[in-house]
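# Survey of secondary and tertiary structure
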Amino acid sequence: MRLLSILLCLAVTQSWAQFMTKDEYAKMLYQNPRGVGCDQCHGEKGEGMVMSIYIKNGKETELRAPRINNLGLHRFRQAFKHKNRVMPTYSLTDVELAYIYYYLSSFNQNQKGEEK
Ligand code: HEC
């Protein structure tokens, strides 16, 4: 019984590295980046979406998160180097950002995204 629980502990601590594929890990980071999930604002595939609609000077105005599955890596990384107007700050490593970028790029081929 004791041996079993030790084995179980080992399996759990090593689990992601062994049982998660690169694609699954990348998707997990996009949805759960130690903070609000990117998908909550940028959409499931980074296609961009309307976050809310409010009235400004008597006119309906949209607050949107931009499309992010078609950016160059340099521009993508810039968003994490300074404080943005709306987007929260994250403490993601370069490697984690690379995974998220890789995940989003897979939606770039045949997807149009919303009009800006
Ligand atoms: C609360 C909503 C929200 C969340 C959560 C969020 N973003 Fe954003 N993001 C925005 C908005 C809005 C902008 C436009 C800049 C601004 O106004 O803050 C933006 C800008 C960006 C840009 C720059 C786009 C460009 O055209 O240069 C990138 C890249 C980006 N976000 C990636 C991400 C990633 C990756 C995550 C998750 C780690 C994430 N965002 C989480 C709302 C969000």
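Calculation notes
Residues numbered from 1 in each chain as written. Predicted model: local features only at pLDDT ≥ 70, side-chain atom pairs only at ≥ 80, totals over all residues. Heavy atoms only, no water. Salt bridge = Lys/Arg side-chain N within 4 Å of Asp/Glu carboxyl O. Helix = DSSP H or I, 4+ residues; strand = E, 2+ residues; numbered from the N terminus. Buried < 20%, exposed > 50% of the residue type's maximum accessible area, 1.4 Å probe, protein only. Donors = N, O, S within 2.8 Å, 3.2 Å for Na, K, Ca; no water. Tetrahedral: all angles 85-135°; square planar, octahedral: opposite > 155°, others 65-115°. pLDDT = per-residue confidence, 0-100. Near = heavy atom within 4 Å. Polar contact = N/O pair within 3.5 Å; in protein donor to acceptor, adjacent residues only side chain to side chain. 1 Å grid on protein atoms, 1.4 Å probe; cavity = no way out; pocket = protein on both sides within 12 Å on 5 of 7 lines; lining within 4 Å. Sits in = over half its atoms within 2 Å of the grid points. Phe/Tyr/Trp six-rings, centres within 6.5 Å; stacked < 30°, edge-to-face > 60°. Lys NZ or Arg CZ within 6 Å of the ring centre and 35° of its normal.

We now examine the pattern of salt bridges. One pass over the full model with this rule turns up three salt bridges. Measuring nitrogen to oxygen at the nearest pair gives 3.8 Å for the salt bridge that ties R77 to D94. With R77 in helix α5 (residues 73-78) and D94 in helix α6 (residues 94-105), the pair connects residues that are 17 residues apart, well separated along the chain. Judged by its relative accessible area of 26%, R77 is partly exposed.

What follows deals with the coordination of the iron atom of the ligand. Protein-derived ligands of the iron atom of the ligand are H42 (NE2) and M87 (SD), with the metal-ligand distances lying across 2.0 to 2.1 Å. The coordination sphere of the iron atom of the ligand comprises six donor atoms, whose angles at the metal cover 83 to 179°; the geometry is octahedral. Taken together, the residues span a long stretch of sequence, with H42 in helix α4 (residues 39-42) and M87 in the loop between α5 and α6 at a distance of 45 residues. The partly exposed category is assigned to M87, whose relative accessible area is 22%.

With that settled, the discussion passes to unusual backbone geometry. Positive phi, close to 55°, is recorded for R34, a residue that is not glycine. Looking at where R34 falls in the secondary structure, it is placed in the loop between α3 (22-31) and α4. Of note, N57 is a non-glycine position whose phi angle comes to about 50°, a positive value. Looking at the secondary structure, you find N57 in the loop between β1 (49-56) and β2 (59-65). Exposure remark for N57: the relative accessible area of 76% places this residue in the exposed category.

This paragraph deals with the confidence of the model for the protein. Taken residue by residue, the protein gives an average pLDDT of 86. The fraction at 70 or more is 78%. For the protein, helix α1 (residues 2-13) is the element with the lowest average pLDDT, namely 57, and α4 is the one with the highest, namely 97.

The immediate surroundings of the ligand are formed by 24 residues, with C38, C41, H42, R75 and M87 found nearest. R75 places a polar side-chain atom, nitrogen or oxygen, 2.6 Å from an oxygen atom of the ligand. Within the contact set of the ligand, an oxygen atom lies 2.7 Å away from a backbone nitrogen or oxygen of V86. With respect to the pocket detection grid, the ligand is positioned in the largest pocket.

Attention now moves to the side chain of H42. Judged by its relative accessible area of 10%, H42 is buried. A distance of 2.8 Å separates a polar side-chain atom of H42 from the backbone oxygen of P66.

What follows is about the packing of aromatic side chains. Using the criterion set out here, one finds six aromatic pairs in the structure. Aromatic side chains Y30 and Y103 sit 5.4 Å apart centroid to centroid with 45° between the ring planes, which places their arrangement in the tilted category. Of this pair, Y30 sits in helix α3 while Y103 is found in helix α6, placing the two residues 73 residues apart along the sequence. Site record: aromatic cluster; members linked through ring pairs are F76, F80, Y90 and Y101. Here K22 stacks its cationic end above the ring of Y102, 4.3 Å away from the centre of that ring.

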